[in-house]
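Residue-level structural notes
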Amino acid sequence: MTDEASIGAAPGLSGTTAGSGGAAAALIGTAEAHAKVNLRHRVFARDETGFHGVETLLARTSLTDTVRLFEPGSGAPRDGLSLSVEGPNATGVPGGPDNLCWRVAERFLARAFPKRKRPAVHIRLEKRIPMGSGLGGGSADAGATLRLLADRWPRLDMRVLVELAGEIGSDVPFALVGVPMALGWERGRRLLPLRPPRPRPALLILSGIHVSTPEAYGWLGRSDADPGSAAILPGATRLADWESLERLVRNDLQAPVLARHPALSELLARLRSCAPAAAAMTGSGSALFAIFRDDAERVQARRELRASADAEGARLVDVRLPV
């Protein structure tokens, strides 16, 4: 049994480590939760529910959190959820019912065990993806948690799992299905997986500025929302071509977010001055991304951006996408 099969004094599981009088907690599984970028994010008029329609092109990156699920051993409580958060970006991440991993696990167990006592589950989350960055870290964690639960207790079909994921957040279905790239509509519940192009080197600028999704959409004035029902995109086979993808990069939330955060606007201008293949803000921000044609271009851009990033207290992170 590896070290991962014992979680020490995690909430609700004290006394379950090997040699403590009870059996060690059993590892259900481990999953990497990938950050995403929105290569394209169109925002349309509000629907009857008050939500904006969106059309978004999602690409998975090599930046990940790690999710581990455990079942408690003998002598531990056999019902309930617990969660622990660790890692370099753990600060501020909820450790209870407000965490998306907790929420998705709670709903899964309620549906998978409607008439039986639910099994106890402990979630251990290692955070590397920063909160409030538009990289979808919380959604990625929830999607990974749901995949692990469905593998352990295969009681719900994929249609129900995608529906459940969409109830938690618009990026959770994409994280659940685990494909490198997809088109998404209707708050993420409609997904078209795409054949991805070959991964390219990319650079993330993480400013530390926290932008909440409701705020970002609130800043988007009614006159700025496209009243149309769809954007014009090339066929799915063309989306596997970087030449086509580069021309499509756009984010309708970028202008209102950057207008309220001039430092982000300055960072994006400096990023674009490095002549990447494409550069934009992802999601509701505040993370910026640039995609390069090769590693040498990225190395040069990192060198040119280092002083500006340091001055703004931002971090530069090398990633590849889509993966």
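Residues numbered from 1 in each chain as written. Predicted model: local features only at pLDDT ≥ 70, side-chain atom pairs only at ≥ 80, totals over all residues. Heavy atoms only, no water.

Description of the overall build of the protein
- For the protein, the helix and strand inventory stands at nine helices and eleven strands.
- The proportion of buried residues among the 323 residues of the protein is 54%.
- When the accessible surface of the protein is summed, it comes to about 14,300 Å², and 50% of that surface belongs to carbon and sulfur atoms. (Helix = DSSP H or I, 4+ residues; strand = E, 2+ residues; numbered from the N terminus. Buried < 20%, exposed > 50% of the residue type's maximum accessible area, 1.4 Å probe, protein only. Areas by Shrake-Rupley, 256 points an atom, 1.4 Å probe, with all protein chains shown as cover.)

Topic: unusual backbone geometry
- Going from Gly 285 to Ser 286, the amide bond is cis rather than trans, its omega being 15 degrees.
- Looking at the secondary structure, you find Ser 286 in the loop between strand 9 (278-281) and strand 10 (288-291).
- A cis amide bond, omega -10 degrees, links Leu 321 with the succeeding residue Pro 322.
- By the element assignment, Pro 322 lies in the segment after strand 11 (315-321).

Considering helix 2 (residues 137-152)
- For helix 2, spanning 16 residues, the distance from its first C-alpha to its last is 23 Å, which sits close to the expected 22 Å at 1.5 Å a residue.
- Among the 16 residues that make up helix 2, twelve are buried, leaving the element largely enclosed by the rest of the structure.
- Here helix 2 has its buried residues at Gly 137, Ser 139, Ala 140, Asp 141, Ala 142, Gly 143, Ala 144, Thr 145, Leu 146, Leu 148, Leu 149 and Ala 150.
- Residues of helix 2 that are buried sit in contact with strand 1 (26-46), strand 2 (52-71), helix 1 (100-112), strand 4 (121-126), helix 3 (158-168) and helix 4 (172-177). (Expected span 1.5 Å × (residues − 1). Contact = heavy atoms within 4.5 Å.)

Quick look at the environment of Thr 91
- The topology assignment puts Thr 91 in the loop between strand 3 (81-86) and helix 1.
- With 40 residues separating them along the chain, Thr 91 and Met 131 place their C-alpha atoms 9.1 Å apart.

With respect to the sheet that holds strand 10
- A sheet is described by the order of its strands in space; here four strands give the open sequence 9-10-7-11, paired in antiparallel fashion. Of all strands in the sheet, those bounded by a partner on one side alone are strand 9 and strand 11. When strand polarity is set aside, the average angle formed by the axes of neighbouring strands in this sheet is 20 degrees.
- Sheet contacts for helix 8 (residues 262-272): strand 7 (200-206), strand 9 and strand 10; angle to strand 10, the most-contacted strand, approximately 5 degrees.
- In the packing of helix 9 (residues 295-311) onto the sheet, the strands contacted are strand 7 and strand 11, and the crossing angle to strand 11 comes to about 160 degrees. (Pairing = 2+ DSSP bridges. Axes fitted to C-alpha atoms, helices over the stretch in contact; angles between N-to-C directions.)

Observations concerning the confidence of the model for the protein
- The pLDDT averaged across the protein works out to 87; a share of 85% of its residues lies at or above 70.
- Taken together, the stretch residues 1-22 has pLDDT below 50 and engages in 45 contacts with residues farther than four places along the chain or on a different chain. (pLDDT = per-residue confidence, 0-100.)

Comments concerning the packing of aromatic side chains
- Inspection of the entire model under this criterion finds one aromatic pair.
- Measuring from ring centre to ring centre gives 5.9 Å for Phe 113 and Trp 153, while their planes differ by 80 degrees; the resulting arrangement is edge-to-face. On the criterion of sequence distance, the pair formed by Phe 113 in the loop between helix 1 and strand 4 and Trp 153 in the loop between helix 2 and helix 3 is long-range, its members being 40 residues apart. (Phe/Tyr/Trp six-rings, centres within 6.5 Å; stacked < 30°, edge-to-face > 60°.)

Structural notes on the packing of helix 1 against helix 2
- Running from N to C, helix 1 and helix 2 point in directions that differ by 30 degrees, and their axes come no closer than 8 Å. Accordingly, the angle class assigned to the pair helix 1 and helix 2 is roughly parallel. Helix-helix and strand crossings are classified by hand; for helix 1 and helix 2 the assignment is right-handed. Across the interface between the two elements, Leu 100, Cys 101, Val 104, Ala 105 and Phe 108 of helix 1 pack against Gly 138, Ser 139, Asp 141, Ala 142, Thr 145, Leu 146, Leu 149 and Ala 150 of helix 2.
- In the contact of helix 1 with helix 2, the residues fall into nine nonpolar, three polar and one charged. (Parallel < 35°, antiparallel > 145°, perpendicular 65-115°, else oblique. Left-handed = near helix turned anticlockwise from the far one by under 90°. Nonpolar A, V, L, I, M, F, W, Y, C, P; charged D, E, K, R; others polar.)

Examining the pairing of strand 1
- For strand 1 and strand 2, the ladder comprises 16 bridges, and the chain directions are antiparallel. Within strand 2, the position partnered with Lys 36 by the bridge is Arg 60.
- In the sheet, strand 1 pairs with strand 8 (residues 250-251) via two bridges, with the strands oriented parallel. From the neighbouring strand, Arg 40 faces strand 8, where its bridge partner is Arg 250.

Describing the pattern of salt bridges
- For the structure shown, the criterion picks out 19 salt bridges.
- Arg 68 serves as the salt-bridge partner of Glu 126, at 3.8 Å between the closest nitrogen and oxygen. With Glu 126 in strand 4 and Arg 68 in strand 2, this pair connects stretches of sequence that are 58 residues apart.
- What makes Arg 68 buried here is its relative accessible area of 12%.
- Through salt bridges with shared partners, a single network forms among Asp 295, Arg 298, Arg 302, Asp 318 and Arg 320. (Salt bridge = Lys/Arg side-chain N within 4 Å of Asp/Glu carboxyl O.)

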